[in-house]
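Each chain, written out:
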Amino acid sequence: MVERGSSAVEVVTPGVEIDLAETNHTAAEWDRLEIAERRYRAVTENSTDVVIEGVEGLITWCSPTVTTVLGWTPEDLVGRNSIELVHPDDVSEVQAAIARPVAPEVERVARLRTKNGAYVWISSRVAQFTDAHGVVTRVARWRKIDEEMRVLAALTTSEANL
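Procedures and definitions
- Residues numbered from 1 in each chain as written.
- Predicted model: local features only at pLDDT ≥ 70, side-chain atom pairs only at ≥ 80, totals over all residues.
- Heavy atoms only, no water.
- Helix = DSSP H or I, 4+ residues; strand = E, 2+ residues; numbered from the N terminus.
- Buried < 20%, exposed > 50% of the residue type's maximum accessible area, 1.4 Å probe, protein only.
- Contact = heavy atoms within 4.5 Å.
- Areas by Shrake-Rupley, 256 points an atom, 1.4 Å probe, with all protein chains shown as cover.
- Pairing = 2+ DSSP bridges.
- Axes fitted to C-alpha atoms, helices over the stretch in contact; angles between N-to-C directions.
- pLDDT = per-residue confidence, 0-100.
- Polar contact = N/O pair within 3.5 Å; in protein donor to acceptor, adjacent residues only side chain to side chain.
- Phe/Tyr/Trp six-rings, centres within 6.5 Å; stacked < 30°, edge-to-face > 60°.
- Lys NZ or Arg CZ within 6 Å of the ring centre and 35° of its normal.

A. Molecular detail of the overall build of the chain. In terms of helices and strands, the chain carries 5 helices and 8 strands. Here the chain holds 162 residues, and 31% of them are scored as buried. When contacts within the chain are restricted to residue pairs at least 6 apart in sequence, those whose partners lie at least 24 apart make up 34%. Carbon and sulfur atoms provide 56% of the accessible area of the chain, an area that totals close to 10300 Å².

This is how it looks when you write it as structure tokens:
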């Protein structure tokens, strides 16, 4: 909790603040929210997948796992448009997917640029949330699938040779 003028402000996640004076929540509700936030952080910070949050394509938060998977730090990516990372051959398909309503059961595959300029295959699933002010946030899970794509390519080649 931080003080902003005469109000106590709770920083829920980086970039998201709640003015406690403007809420009608009980202390028990705030405790449950704090526990849920800690649980969310533990999952996202200890996962082998990358978790990305964004609004209108701009990355507002990402898990530290992005450094292991893509070489970028979270600070490198926050404030950037996620489409900047997409391989040029995949951009139109990814933009079309972004324009469609979110279907969390749909897995999408695209190549993303690593910090050193190489591209890796990433599978993603997206969920969407709308806050009380109507701001739509998308949360994506990115999983590196280079090995799966190599196996699929080898299988496709093998079947073509039969």
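B. Fine view of the pairing of strand β7 (residues 119–130). With 6 bridges connecting them, strand β6 (residues 108–113) and β7 associate as antiparallel partners. Bridge pairing in β7 places R111 opposite W121. Linking two consecutive strands that pair antiparallel, namely β6 and β7, is a turn of 5 residues; a positive phi of about 95 degrees is found at G117 within it.

C. Highlighting the sheet that holds β6. One open sheet accounts for 5 strands, arranged β5-β4-β8-β7-β6; its pairing is antiparallel. Every interior strand has two partners, whereas the edge strands, β5 (58–62) and β6, have only one. Averaged over all pairs of adjacent strands, the angle between their axes in this sheet comes to 40 degrees, without regard to strand direction. Sheet strands touched by helix α5 (residues 146–160): β6, β7 and β8 (136–144). Its angle to β7, the strand with the most contacts, is close to 120 degrees.

D. Fine view of the confidence of the model for the chain. The pLDDT averaged across the chain works out to 83; a share of 85% of its residues lies at or above 70. Predicted confidence for residues 1–11 stays below pLDDT 50, and this span has 26 contacts to residues more than four positions away or in other chains.

E. Expanded view of the side chain of R141. Summarising the element assignment, R141 is placed in strand β8. Take R141: its relative accessible area is 17%, and that puts it in the buried class. Side-chain polar atoms of R141 contact the backbone oxygen of S123, separated by 3.1 Å.

F. Main features of the packing of aromatic side chains. Considering all chains together, one arrives at 0 aromatic pairs under this definition. If you follow R80 out to its NZ or CZ, it ends over the ring of W72, 4.9 Å from the centre.

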